[in-house]
Amino acid sequence: MTYTIQLPTFNGPMDLLLDLIKKHKMSIYDIEIHLLCDAFLEEIQKMEELNMDLTSDFIEMASLLLRIKSDSLLPREEDLEEGEEEEEDPRQGLIEKLIEYEKLKTLTEALNARGEYEKKAFYKQQEDFSYFNSQDLLAQCDLEALSKAFYQIMERTRRLEKAQADLEEIPQREFSYQRAHGNISKALLAKPKLMFSDLLKIEGGVEACIAYFLVLLELIKNQEVYARQVDFYEDIEIGIRRT
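In this text the structure is predicted, and so the values were computed from the model without any measurement.

*Asks:* Explain the overall build of the protein chain to me, and be specific about the residues and the numbers.
*Replies:* Check the secondary structure of the protein chain and you find eight helices and three strands. Ordered by position in the sequence, the α and β elements of the protein chain form the string α-α-α-α-α-α-β-α-α-β-β. Here the protein chain holds 243 residues, and 23% of them are scored as buried. Look at the contacts in the protein chain between residues 6 or more apart in sequence, and 57% of them connect residues 24 or more apart. Summed over all atoms, the accessible surface of the protein chain reaches about 19,800 Å², with 53% contributed by carbon and sulfur.

*Asks:* Any chance you could break down the pattern of salt bridges for me, citing the residues and the numbers?
*Replies:* Inspection of the entire model under this criterion finds 14 salt bridges. Ionic contacts of the salt-bridge type, sharing partners, join the residues Asp30, Asp89 and Arg91 into one network.

*Asks:* Describe unusual backbone geometry, with residues and values.
*Replies:* Positive phi is not limited to glycine here, since lysine 25 has a value of about 55°. Relative to the helices and strands, lysine 25 resides in the loop between helix 1 (13-23) and helix 2 (33-49). Of note, the phi angle at glutamine 223 is positive, near 60°, even though the residue is not glycine. As for its placement among the helices and strands, glutamine 223 is situated in the loop between helix 8 (206-221) and strand 2 (225-229).

*Asks:* Pulling in residues and values, what's your account of the packing of aromatic side chains?
*Replies:* Each aromatic ring pair is described using two quantities: the centre-to-centre distance and the angle formed by the ring planes. Inspection of the entire model under this criterion finds one aromatic pair. Their ring planes at 20° and their centres at 6.4 Å tell us that phenylalanine 40 and phenylalanine 58 sit as a pair that is stacked. Here phenylalanine 58 lies in helix 3 (residues 56-73) and phenylalanine 40 lies in helix 2, a separation of 18 residues in the sequence. An identical accessibility class is assigned to phenylalanine 40 and phenylalanine 58; each is buried.

*Asks:* Talk me through the layout of surface pockets; I want residue IDs and the actual numbers.
*Replies:* Space inside the largest pocket adds up to approximately 620 Å³. Lining the largest pocket are 16 residues, and of these Ala163, Phe196, Cys209, Ile210 and Tyr233 lie nearest its centre. Here the element with the most residues in the lining of the largest pocket is helix 5 (residues 143-168); it accounts for six residues. Across the lining of the largest pocket, the residue classes break down as ten nonpolar, one polar and five charged. Its volume calculated, the second largest pocket comes out at about 230 Å³. Lining the second largest pocket are twelve residues, with Leu18, Asp19, Lys22, Glu102 and Lys105 positioned closest to its centre. For the lining of the second largest pocket, the elements supplying multiple residues, two or more each, are helix 1 and helix 4 (92-119). It is helix 1 that contributes the most residues to the lining of the second largest pocket, five residues altogether.

*Asks:* Give me the lowdown on the sheet that holds strand 1 (residues 193-195), citing residues and values where you can.
*Replies:* Spatial ordering of the open sheet is given by 1-3-2, a layout of three strands whose pairing is antiparallel. At either margin of the open sheet sits one strand with a lone partner, and together these are strand 1 and strand 2. For this sheet the average axis-to-axis angle between neighbouring strands, irrespective of direction, equals 20°. When strand 1 meets strand 3 (residues 236-240), the two strands line up antiparallel, connected through three bridges. Of the residues in strand 3, the one forming a bridge with methionine 195 is glutamate 237. Along the sheet, helix 8 makes contact with strand 2 and strand 3, crossing strand 2 at roughly 115°.

*Asks:* Please give an account of the nonpolar core that cites residues and values.
*Replies:* Core analysis: the largest hydrophobic core is formed by 25 residues, its most contacted members being Leu17, Ile31, Phe40, Leu65, Leu94 and Leu98. Mapped by element, the contributors of at least two residues to this core are helix 1, helix 2, helix 3 and helix 4. Residue contacts for phenylalanine 40: discarding those within four places in its chain leaves Pro13, Leu16, Leu17, Leu20, Phe58, Met61, Ala62 and Leu65.

*Asks:* Hey, could you go over the side chain of glutamate 43 for me, with residue numbers and the actual values?
*Replies:* Inspection of the secondary structure assignment puts glutamate 43 in helix 2. The contacts of glutamate 43, once residues within four sequence positions are left out, are Leu16, Leu20 and Lys23.

*Asks:* Hey, could you go over the packing of helix 1 against helix 3 for me, with residue numbers and the actual values?
*Replies:* The N-to-C vectors of helix 1 and helix 3 enclose an angle of 50°; their axes lie 9 Å apart at closest approach. It follows that helix 1 is oblique to helix 3 by the angle criterion. Between helix 1 and helix 3, the residues in contact are Pro13, Met14, Leu16 and Leu17 and Asp57, Phe58, Met61 and Leu65, respectively. Grouping the constituent residues of the contact of helix 1 with helix 3 by class yields seven nonpolar, no polar and one charged.

About the criteria used
- Residues numbered from 1 in each chain as written.
- Predicted model: local features only at pLDDT ≥ 70, side-chain atom pairs only at ≥ 80, totals over all residues.
- Heavy atoms only, no water.
- Helix = DSSP H or I, 4+ residues; strand = E, 2+ residues; numbered from the N terminus.
- Buried < 20%, exposed > 50% of the residue type's maximum accessible area, 1.4 Å probe, protein only.
- Contact = heavy atoms within 4.5 Å.
- Areas by Shrake-Rupley, 256 points an atom, 1.4 Å probe, with all protein chains shown as cover.
- Salt bridge = Lys/Arg side-chain N within 4 Å of Asp/Glu carboxyl O.
- Phe/Tyr/Trp six-rings, centres within 6.5 Å; stacked < 30°, edge-to-face > 60°.
- 1 Å grid on protein atoms, 1.4 Å probe; cavity = no way out; pocket = protein on both sides within 12 Å on 5 of 7 lines; lining within 4 Å.
- Points joined across faces, edges and corners; volume = space filled by probe spheres on them.
- Nonpolar A, V, L, I, M, F, W, Y, C, P; charged D, E, K, R; others polar.
- Pairing = 2+ DSSP bridges.
- Axes fitted to C-alpha atoms, helices over the stretch in contact; angles between N-to-C directions.
- Core = buried A, V, L, I, M, F, W, Y, C linked by side-chain atoms within 4.5 Å.
- Parallel < 35°, antiparallel > 145°, perpendicular 65-115°, else oblique.

Structure below.
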């Protein structure tokens, strides 16, 4: 019985370093060089045991890590003389390269994802309207249908203008909300189902119609009554909602 050991594929030593930093939960700005160096050498040893071809990049990175590790072990002067500059962190160059590589890797992954999305996208070609003639709009037009549509538009406009004029002429507080509510309540007590036009027989007029309608909307919202209309401009049936 044979066992197959499969290692993740890395694009290069920087890719492997980022994976090790993530695996060991390090901060890229403050890497533990001794731990990172040992882990990197361990991965290289696994590659050699599996007879995997090691590129010069991996060998060069291993040498760099060993040099940084040895530099980090050298004793440092804790108290600097006046005018002397603090020694540069031996890890600094590697950290800067890792940060830059991570940015490029993130950008590359985003571009690859966008590319995969674009492969699956289909776009409609822009149509050429240079030959379009405005007269073509009327080529298949029915004159009778056009006249009927124009008449309906004019009729709706006339109704809207009349309603606007009537609304402006309504005296303020002549027909109160409370008065309309009382009339509807009394009418429903006497007759559990009635038509909206029946309310106008009690007290009519534009202001009464508007007040009744506002009260009806409130009662429907509170689920006290229901309202049913068969078609536009038809009378509205009102009834008490049974729980």
